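Examining the three-dimensional arrangement
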Amino acid sequence: MAMALTATRRRGWQGLLVLCAGLLAGAPAWTQPLVQTSSSPQSIALPVVPAVASSARTPLPSSVQIARSPAAPAVVANGDFDWRAARGVLFRIHSPQPGAPDSLVFGTIHIGSPAELGLDAERVRHAVQAQRMLINEVDGDAPWQPSYDRYRFLAPGQNLAMLIGGTQFIELATLLPEHKGPQLNRFKPWVAMTLLEEGLDAPEPNARDASQRNIDSVVEDTARAHGLKLVHLETLEDQLAALDCTSPAEYARVLQERLADPQELRAETERSLAFYRTGDLPGWLADIDAMHGLDAQAKVAEQHARGCLIEQRNARWIEELEPLLRGGGCFVAVGAIHLTGQEGLLAGLARRGFEVSAQPW
């Protein structure tokens, strides 16, 4: 949504770009390939000291060994995990269960190719295939069901032009010329916002070019190819329900504000990519929380959407993740913004006795 929500193109989903709601900004058509810099998270390694004593770690194979910096300072504040100091997009999770192998948690972003994100896709593949299980948000091959249309289409008697105003609807139609007016007029405001952020509802022009596929697809396809057990934290319908949790009347205000200043949406995309590339997830969360360019009414709607899309989902996911990570050997790939914050997954795991440390690729 406006606080950096984006869609992913999912194989087998009919008609709509179904969203992988990691609250990730952007429209790929607005972004330019980025050059990796020395501020990349590759140089970051911040071990976290848990309350539970560590047992001997089970090392990863040498070909995918992920280094730990012994000189890095502990990320602890008043006995709690200091999420503000945890930088990077890849984290080692050491189970408090003696003898359990380590797991990896990878914060993904649902836009851009690995090269644009400063990631080495081959290293990502090696890290995935070294584990026994992939845990991600939703099944990338989940089929679209006709019953799901209720999440994306307005109720009979409603239309988008009525909610946002005729002038704003004309502007929206101008920005989304590939969507016919009658269909566009049926979409709920969150869907229209997503289309603005993601771009066209059509196959990616380079979908067959492995170098241009998004990192979520790289991870899931690698896991399937190497026979990893796949565990999904939610169903497609769960995800759609979270996206649709704010009423159309409330979220219409956010869409109105973004249509009044589409440059801010573009700037938000650029900032999100920069935060990701430098591993500054706390900075990214602060930028989302600022809700740049929104008035008070729109901020209320956006805050409600954030609660559904981040905190509530994190609370459900942590219950699913804890027993799996205690057993170890997992590769977890979820939207990066879910990792950071006091209610983020990293802080939640640390509170449950896991040792968490940022890792360079």
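First, a word on what this report is: a plain description of the structure on this page. (Residues numbered from 1 in each chain as written. Predicted model: local features only at pLDDT ≥ 70, side-chain atom pairs only at ≥ 80, totals over all residues. Heavy atoms only, no water.)

1. Examining the overall build of the protein chain
Each helix and strand in the protein chain was counted, giving 13 helices and eight strands. When burial is assessed residue by residue, the protein chain has 57% of its 361 residues classed as buried. At a minimum sequence separation of 6, the contacts of the protein chain that also span at least 24 residues come to 82%. Just so you have it, the protein chain exposes about 14400 Å², and 54% of that area is on carbon and sulfur atoms. (Helix = DSSP H or I, 4+ residues; strand = E, 2+ residues; numbered from the N terminus. Buried < 20%, exposed > 50% of the residue type's maximum accessible area, 1.4 Å probe, protein only. Contact = heavy atoms within 4.5 Å. Areas by Shrake-Rupley, 256 points an atom, 1.4 Å probe, with all protein chains shown as cover.)

2. Digging into the pattern of salt bridges
Scanning the model with the defined rule gives 23 salt bridges in all. In this structure, Lys188 engages Asp244 in a salt bridge whose closest nitrogen and oxygen atoms are separated by 2.8 Å. Of the two residues, Lys188 sits in the loop between α5 (181-186) and α6 (189-198) while Asp244 sits in the loop between α8 (236-243) and α9 (248-260), which places them 56 residues apart along the sequence. Each of the two residues, Lys188 as well as Asp244, counts as buried. Salt-bridge contacts for Arg224 lead to Glu220; the nearest nitrogen and oxygen are separated by 2.7 Å. Within this pair, Arg224 and its partner Glu220 are both found in helix α7 (residues 215-225), separated by four residues, close to a single helical turn. Among the charged side chains, a salt-bridge network with shared partners connects Glu137, Glu234, Arg313 and Arg316. (Salt bridge = Lys/Arg side-chain N within 4 Å of Asp/Glu carboxyl O.)

3. Details of the sheet that holds strand β7 (residues 330-335)
By definition, the strands of a sheet pair up through backbone hydrogen bonds, in either a parallel or an antiparallel sense. Taken in spatial order, the six strands make up an open sheet running β6-β5-β7-β4-β3-β8, and their pairing is mixed. The sheet is open, and its two edges are formed by β6 (229-232) and β8 (355-358), each paired on a single side. The mean inter-strand angle of the sheet, taken between neighbouring strand axes irrespective of direction, is 20°. Pairing of strand β3 (residues 90-94) with β8 involves four bridges; the strand directions are antiparallel. For His94, the partnering residue across the bridge sits in β8 and is Glu355. (Pairing = 2+ DSSP bridges. Axes fitted to C-alpha atoms, helices over the stretch in contact; angles between N-to-C directions.)

4. A word on the pairing of β3
Burial runs high along β3: five of the five residues are buried. As judged from the four bridges shared by β3 and strand β4 (residues 103-108), these two strands associate in the antiparallel manner. Across the sheet, Ile93 pairs through a bridge with Ser103, a residue of β4.

5. Quick notes on the nonpolar core
Of all hydrophobic cores here, the largest spans 56 residues; its most connected members are Phe106, Tyr276, Trp284, Phe331 and Trp361. With residues up to four places along the chain from it excluded, the contact list for Phe331 reads Leu104, Phe106, Ala127, Val128, Gln131, Met133, Leu134, Ile135, Val219 and Trp361. By size, the runner-up hydrophobic cluster in this structure holds 38 residues, among which are Phe153, Phe169, Leu236 and Met291. (Core = buried A, V, L, I, M, F, W, Y, C linked by side-chain atoms within 4.5 Å.)

6. A few points about the packing of α8 against helix α12 (residues 296-327)
As a packed pair, α8 and α12 sit with axes 8 Å apart at the nearest point and diverge in direction by 130°. When the interaxial angle is binned, α8 and α12 end up oblique. Across from Gln239, Ala242 and Leu243 in α8, the residues of α12 making contact are Cys308, Leu309 and Arg313. Here the residues of the contact of α8 with α12 sort into four nonpolar, one polar and one charged. (Parallel < 35°, antiparallel > 145°, perpendicular 65-115°, else oblique. Nonpolar A, V, L, I, M, F, W, Y, C, P; charged D, E, K, R; others polar.)

7. Concerning the packing of α9 against helix α10 (residues 262-277)
Two numbers describe how α9 lies on α10: the axes approach to 4 Å, and their chain directions differ by 95°. Here α9 lies roughly perpendicular to α10, going by the angle between them. Judged by residue contacts, Arg258, Leu259 and Ala260 of α9 engage Pro262, Glu264, Leu265 and Glu268 from α10. For the contact of α9 with α10, the class distribution of residues is four nonpolar, no polar and three charged.

8. Section: the side chain of Glu220
Note on Glu220: relative accessible area 2%, which makes it buried. In this structure the side chain of Glu220 is engaged in a polar contact, spanning 2.7 Å, whose partner is the side chain of Arg224. (Polar contact = N/O pair within 3.5 Å; in protein donor to acceptor, adjacent residues only side chain to side chain.)

9. A word on the pairing of β7
Most of β7 sits inside the fold, with six of its six residues counted as buried. Pairing between β4 and β7: five bridges, direction parallel. Residue pairing across strands places Phe106 opposite Ala333, the latter belonging to β7. Pairing between strand β5 (residues 133-136) and β7: four bridges, direction parallel. Within β7, the position partnered with Asn136 by the bridge is Ala333.

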